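The residues making up each chain are set out below.
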Amino acid sequence: MIPGVSNPNIDVVPELLTERTVLTTLAALAVLAMFVMLCRSRRVSTSVEDATLAALHQVTSAAPHLRAGLTQESADQTAPHLRALLGCIAVGVVDAEGTLLSWDGEANHHYGGLRTRIEQVLRTGKREYVDHGEVACEQRPCVMRHAVVVPLEVEGENRGALVIISAGDRRRLLRAAGEVANHVSTQLELAELQESKERLARAEVRALRAQISPHFIYNALNTISSQIRNDPEQARDLLQEFADFTRYSFRTSGLYTTLADEIRNIDRYLTLERARFGPDRLKVQLKIAPEVLPVVVPFLALQPLVENAVRHGLANKPGGGTVSVIAEDNGVEALISVDDDGIGMNPERLDAELADAHLTGAHVGLGNINNRMRATFGNDYGLVVETEEGAGMKVIMRVPKFAPGVRPVPAQAIEEPSVGLAAGPQ
């Protein structure tokens, strides 16, 4: 038994998630410090509870926009919440090139006079404090008393800056500006980590598509061609199955799908393989509980496991064997297994092959799916593989029925116009 397929060479995304967890914790601590500071600065007539709730509302309102990265749209949506949180005159958001993305509040006539300080902050990564007397101003009276420019850093690199205009206490301004900049920087870092995670997930899906065996495609088409003369109706049905299989497997959108769609696709795959090997040599058992069909799984999570069972488990076994796919209701989870009674393999050898899968391509689907399961649902949801020489192989997958942010692509987003594959009625 090989729990989790936990070879260190295939654990990339979980490291990103660990870093993300640390950053989220740091962000929460920064927000808590901001709460305390704001509560202490309120007038006696305002309760600590009201101040805390107000600060919490502004922080939580700004965070979703910041998770989209630093753009003009996200800056426009974030700046009002930051100004309300700080209780200041104005907040400006500047990108890494010094372009003003958004300005919320008054005293925008001072932006030009602050440009030199903004450029200095972006160049050095150090905050700059500006007293009103240091800048030219023709307005009397002017609402600005102090200004501070603070950098927004992600992994040691400037992503932009905040410009904060205040009429209040200088010391409070500097402390609050630092806390808010840390919070914004953390959200931007989380956004970049999320983007990296999604890029990696898309790359892994592309790798799985590349692993769909060219031999399978060749053999499927060869099987279909052999049926054209003897059984044209069967050949037509197989060609339609092949078209549906490839359209689903090579779709370009969506990292997630439903278990129902995955089961439908492996049924197409097994239909084609049974036509090739013959129904006596390749037997199939599908046992799917209806209540788990809507469960969301990573795209192409099952087909590589079934292909592994056919190619490595049964193709070299005299007389063939049986592939079983079972999906059961297990409380808050779906319990899915792909089992074959083929030749099996030595567990130590499987470990070694998984360690070199990125070089040899052997069993790359197992490591790929294991990584994606753990990245999507957490480290407790890695694959479990049971195998022994001469005893077949069983791969077990646990999938939570609900996971935040894990949603399938709507059907209309992946459907393509139907194209007739042959003459005659559809």
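Residues numbered from 1 in each chain as written. Predicted model: local features only at pLDDT ≥ 70, side-chain atom pairs only at ≥ 80, totals over all residues. Heavy atoms only, no water.

Looking at an unreviewed UniProt entry, the protein carries the name Histidine kinase, with the source organism given as Saccharopolyspora erythraea.

Novice: Would you explain the sheet that holds strand β6 (residues 157–166) in this entry?
Specialist: Strand pairing in a sheet is mediated by backbone hydrogen bonds. Such pairs are either parallel or antiparallel. The strand order across the open sheet built from five strands is β3-β2-β6-β5-β4, with neighbouring strands paired in antiparallel fashion. Strands at the two margins of the open sheet, each flanked by one partner only, are β3 (100–105) and β4 (128–131). Strand-to-strand twist across the sheet, computed as the mean angle between neighbouring axes with direction ignored, equals 15°. Relative to β6, strand β5 (residues 146–154) runs antiparallel, the two sharing nine bridges. Considered in β6, the bridge of His146 is made with Ser166. Of the strands in this sheet, β2 (90–95), β3 and β6 touch helix α3 (residues 72–86), which is tilted by about 35° from β3. On top of the sheet, helix α4 (residues 111–124) reaches β2, β3, β4, β5 and β6; it is set at about 145° to β6, its chief contact. (Pairing = 2+ DSSP bridges. Helix = DSSP H or I, 4+ residues; strand = E, 2+ residues; numbered from the N terminus. Axes fitted to C-alpha atoms, helices over the stretch in contact; angles between N-to-C directions. Contact = heavy atoms within 4.5 Å.)

Novice: Help me understand the packing of helix α8 (residues 259–277) against helix α9 (residues 303–314) in this model?
Specialist: Packed helices, taken two at a time, are described by the angle between their axes plus the distance between the axes. With their axes 9 Å apart at the nearest point, α8 and α9 run at an angle of 20° to one another. The angle between α8 and α9 places the two elements in the roughly parallel class. Pair α8 / α9 crosses with right-handed handedness. Note on element contacts: α9 touches α8 through Gln303, Val306, Glu307 and Val310, opposite Glu262, Asn265, Ile266, Tyr269, Leu270, Glu273 and Phe277. Residue composition of the contact of α8 with α9, grouped by class: six nonpolar, two polar and three charged. (Parallel < 35°, antiparallel > 145°, perpendicular 65-115°, else oblique. Left-handed = near helix turned anticlockwise from the far one by under 90°. Nonpolar A, V, L, I, M, F, W, Y, C, P; charged D, E, K, R; others polar.)

Novice: Help me understand a negative patch on the surface, please; the structure alone is not making it clear to me.
Specialist: Where like charges cluster on the molecular surface, the negative patch consists of Glu348, Asp351, Glu388 and Glu389. Along the chain, the position of Glu388 falls in the loop between β12 (384–387) and β13 (393–400). Classification of Glu388 as partly exposed rests on a relative accessible area of 39%. (Patch = residues over 30% accessible without salt bridge, like charges linked within 9 Å, V, L, I, M, F, W, Y side chains within 5 Å. Areas by Shrake-Rupley, 256 points an atom, 1.4 Å probe, with all protein chains shown as cover. Salt bridge = Lys/Arg side-chain N within 4 Å of Asp/Glu carboxyl O. Lys, Arg positive; Asp, Glu negative; His and termini not counted. Charge placed at Lys NZ, Arg CZ, Asp CG, Glu CD. Buried < 20%, exposed > 50% of the residue type's maximum accessible area, 1.4 Å probe, protein only.)

Novice: Can you walk me through the environment of Phe242 in this structure?
Specialist: With respect to the element layout, Phe242 can be found in helix α7 (residues 232–249). Phe242 sits 18 residues away from Ile224 along the chain, and the two C-alpha atoms are 9.2 Å apart. Once you skip the residues sitting within four places of it in the chain, Phe242 turns out to touch Ile217, Ala220, Leu221, Ile224 and Leu272.

Novice: Before we go on, may I ask you to explain helix α6 (residues 214–230) in this structure?
Specialist: Because each turn of an α-helix spans 3.6 residues, side chains separated by three or four positions end up pointing in the same direction. Between the first and last C-alpha of α6 there are 25 Å, a value that for 17 residues agrees with the 24 Å anticipated at 1.5 Å per step. All of the buried residues along α6 are Phe216, Asn219, Ala220, Thr223 and Ile224. Along α6, the residues classed as buried sweep out an arc of 135° about the axis, all on the same side. Counted as exposed and oriented over 90 degrees from the buried face of α6: Pro214, His215, Tyr218, Ile228 and Arg229. The inward-facing, buried residues of α6 contact α7 and α8. (Expected span 1.5 Å × (residues − 1). Arc of directions from axis to C-beta.)

Novice: What's the story with the packing of aromatic side chains in this structure? I'm lost.
Specialist: The geometry of an aromatic ring pair is captured by two quantities: the separation of the ring centres and the angle between the planes. By the definition in use, this model includes four aromatic pairs. Relative to Tyr269, the ring of Phe245 has its centre 6.1 Å away and its plane inclined at 35°; by these criteria the two rings are tilted. Here Tyr269 lies in helix α8 and Phe245 lies in helix α7, a separation of 24 residues in the sequence. Neither residue differs from the other here; Phe245 and Tyr269 are each classed as buried. (Phe/Tyr/Trp six-rings, centres within 6.5 Å; stacked < 30°, edge-to-face > 60°.)

Novice: Where do I start with the side chain of Ser102 in this structure?
Specialist: Topologically, Ser102 is positioned in strand β3. At 2.9 Å, the side chain of Ser102 forms a polar contact with the side chain of Asp76. Beyond its immediate stretch of four places on either side in the chain, Ser102 contacts Ala75, Asp76, Ala79, Val91, Gly92 and Val93. (Polar contact = N/O pair within 3.5 Å; in protein donor to acceptor, adjacent residues only side chain to side chain.)

Novice: Hey, could you run me through the pattern of salt bridges in this one?
Specialist: A side chain with one charge may pair with a side chain of the opposite charge, provided their charged atoms come close. As enumerated under the stated definition, the model contains eleven salt bridges in all. Between Glu157 and Arg159 there is a salt bridge, and its shortest N-O distance comes to 3.2 Å. Taking the shortest distance from any N to any O, the salt bridge between Asp244 and Arg247 comes out at 2.6 Å. Pair noted here: Asp244 and Arg247 are both in helix α7, with a separation of three residues, about one helical turn. What makes Arg247 partly exposed here is its relative accessible area of 30%. Among the charged side chains, a network of salt bridges with common partners joins Arg117, Glu128 and Glu134.

Novice: So what exactly am I meant to see when it comes to the packing of α7 against α8 here?
Specialist: Interhelical geometry of α7 versus α8 gives an angle of 135° and a closest axis separation of 9 Å. The angle between the axes of α7 and α8 places the two elements in the oblique class. You can see that α7 and α8 cross each other, and the crossing is left-handed. Mapping the contact onto sequence places Leu238, Glu241, Phe242, Asp244, Phe245, Tyr248 and Ser249 in α7 and Asp261, Glu262, Asn265, Arg268, Tyr269, Thr271, Leu272 and Ala275 in α8. Considering only residue class, the contact of α7 with α8 consists of seven nonpolar, three polar and five charged.

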